[in-house]
Amino acid sequence: MSNILSIIATKESSEIMIINGKKNTKFDSVVSNVRKTSEEVDCSGASVFIIHDDRIVTEEYWGKHSKEPDSRRIQEDTRFHVASVRKSYIGFAVAYAVNKGYIGSIDDSIIKYLPPNEIAILNETTIRHLLTHTHGLKSINGEIYREFPSGENWAYRGIGINMLTQIVKNTTGKSVAEIVANNVFKPLKFTETGWYGDINEKLVDVIRKPNDPNWTTSKSTDGDRMNMYVSSRELAKWGYFHLKQGYVNGEQIVSNEIIDIATSLQSPNSIDAELPQNGYLWFVKDLPARKSEIGGLVPKGSFQILGYTGVTLLVIPQHNLVAVRAFNSFGSPNGFDYLHDVRKFGDTIMTCLLN
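A short tour of the structure in this document, coming up. (Residues numbered from 1 in each chain as written. Predicted model: local features only at pLDDT ≥ 70, side-chain atom pairs only at ≥ 80, totals over all residues. Heavy atoms only, no water.)

## Remarks on the sheet that holds strand 6 (residues 193-195)
Here we have three strands laid out as an open sheet, ordered 3-7-6, and antiparallel in their pairing. Because the sheet does not close on itself, it has two edges, and the strands there are strand 3 (79-81) and strand 6. Direction aside, the axes of adjacent strands within the sheet are offset by 25 degrees on average. Pairing between strand 3 and strand 7 (residues 228-231): three bridges, direction antiparallel. Residue pairing for strand 7: Phe-80 is matched across the bridge by Val-230. Contacting strand 6 and strand 7, helix 5 (residues 176-188) crosses the sheet at an angle of about 165 degrees to strand 6. (Pairing = 2+ DSSP bridges. Helix = DSSP H or I, 4+ residues; strand = E, 2+ residues; numbered from the N terminus. Axes fitted to C-alpha atoms, helices over the stretch in contact; angles between N-to-C directions. Contact = heavy atoms within 4.5 Å.)

Okay, structure coming up:
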């Protein structure tokens, strides 16, 4: 186990606490579950990191950064491409903008915060719709189309994320990356989290199909593109920061309201109850939903974020637990049910907790 300091202190102490726990076998089946997934997807390395009751109880790394024989081994400071897990950081930036009054309400029309335009189909779309994937907008070759009326269905589309990062910049004058760095990364001394314009030896090689249309690269470090890499341990600490409602080293470094609104149910009541449920981009567990990405055994109040690389961050407040799994894959092989797989990850954790 690596010697990792706690990023969160208890209310009774202003000192940083060691949360390095003794390795135990309680979550061995979770490690086995992730190892099985790593064998089913196209990857060369993976990891599992679990914090339970304020102690690191599982920390496992295996494989290499790429399929090259002389590739660097997966280790504590390895940074995985997190894909859509980046949206939890964008959600934080939006929650920050709301909390500080830069955004009046998430029920405001998006045209209030975007450059003047004459696209009539945007009129009924609110920031809430963007945050919960219920906006109904789709971009094809740069043109915006409407798939369904805002608030009446759910679809995972990149245009909503692009609009949110633009709204954050327009309202606060700062990028997503600046907001999370100033308010979270610097206070917590994060050094293994960021958006990278250039490749370095600490970043995994993302294994993907040739010419995969979903893969993009960017030189931008503003937090507006899909080039975020994070180590498993710092991704777990990001989850732990949310678990503890932003209370760090004896002080509330960000308002607990920011965390609360970001991780609580924000989906409009007008959508089908079986559709996924979202907070500020986080998937949240409220009532059982057939199309949720969160396992059926995972209790209400939990929240999770999943990336196209299979990287997953699950927070279960009821059991004081944060779990991370990470791979350097991209996409799913034919016949692989990624929703079943990620639900199984959460359900395996819950089986360990309940047995």
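On we go.
## Observations concerning the packing of aromatic side chains
Tallied over the entire structure, the rule returns 16 aromatic pairs. Ring plane angle 80 degrees and centroid distance 6.2 Å describe the contact between Tyr-89 and Trp-195, whose orientation is recorded as edge-to-face. Here the residue Tyr-89 occupies a position in helix 2 (residues 87-99), and Trp-195 occupies one in strand 6, the gap between them amounting to 106 residues. Accessibility assignment for this pair places Tyr-89 and Trp-195 in one class, buried. A centroid spacing of 6.4 Å and a plane angle of 25 degrees characterise the contact between Tyr-96 and Tyr-102, whose relative ring orientation is stacked. Clustering of aromatic rings is evident, with ring pairs tying together Tyr-89, Phe-92, Phe-185, Phe-190, Trp-195, Trp-238 and Phe-241. Its guanidinium or amino end placed over the ring of Trp-62, Arg-35 lies 4.0 Å from that ring's centre, counting from NZ or CZ. A cation over a ring is seen here: Arg-325 above Phe-345, with NZ or CZ 5.3 Å from the ring centre. (Phe/Tyr/Trp six-rings, centres within 6.5 Å; stacked < 30°, edge-to-face > 60°. Buried < 20%, exposed > 50% of the residue type's maximum accessible area, 1.4 Å probe, protein only. Lys NZ or Arg CZ within 6 Å of the ring centre and 35° of its normal.)

## A short note on the layout of surface pockets
For the largest pocket, the calculated volume is near 1100 Å³. Around the largest pocket, the lining comprises 39 residues; the ones closest to its centre are Ser-84, Lys-87, Tyr-156, Asn-214 and Tyr-308. Of all elements in the fold, only strand 4 (137-140), helix 4 (158-172), strand 13 (321-327) and helix 8 (338-354) reach the threshold of two or more residues within the lining of the largest pocket. (1 Å grid on protein atoms, 1.4 Å probe; cavity = no way out; pocket = protein on both sides within 12 Å on 5 of 7 lines; lining within 4 Å. Points joined across faces, edges and corners; volume = space filled by probe spheres on them.)

## A short note on the pairing of strand 1 (residues 45-52)
With eight of eight residues buried, strand 1 lies mostly within the body of the structure. Across eight bridges, strand 1 lies against strand 2 (residues 55-63) in antiparallel orientation. Across the sheet, the residue bridging to Ile-51 is Ile-56, located in strand 2. Connecting strand 1 to the next strand, strand 2, in antiparallel fashion are two residues, including Asp-53 with a positive phi near 50 degrees.

## A look at the pattern of salt bridges
This structure, assessed with the given rule, holds 13 salt bridges. Where Arg-233 meets Glu-192, a salt bridge forms, and the shortest distance between an N and an O atom there is 2.6 Å. Taken together, the positions of Arg-233 in helix 6 (residues 232-243) and Glu-192 in the loop between helix 5 and strand 6 put the pair 41 residues apart, joining distant regions of the chain. The burial state of Arg-233 is the same as that of Glu-192; both residues are buried. Arg-225 is the partner of Asp-224 in a salt bridge, and the nearest nitrogen-oxygen pair spans 3.7 Å. (Salt bridge = Lys/Arg side-chain N within 4 Å of Asp/Glu carboxyl O.)

That's the geometry; what it means functionally is another story.
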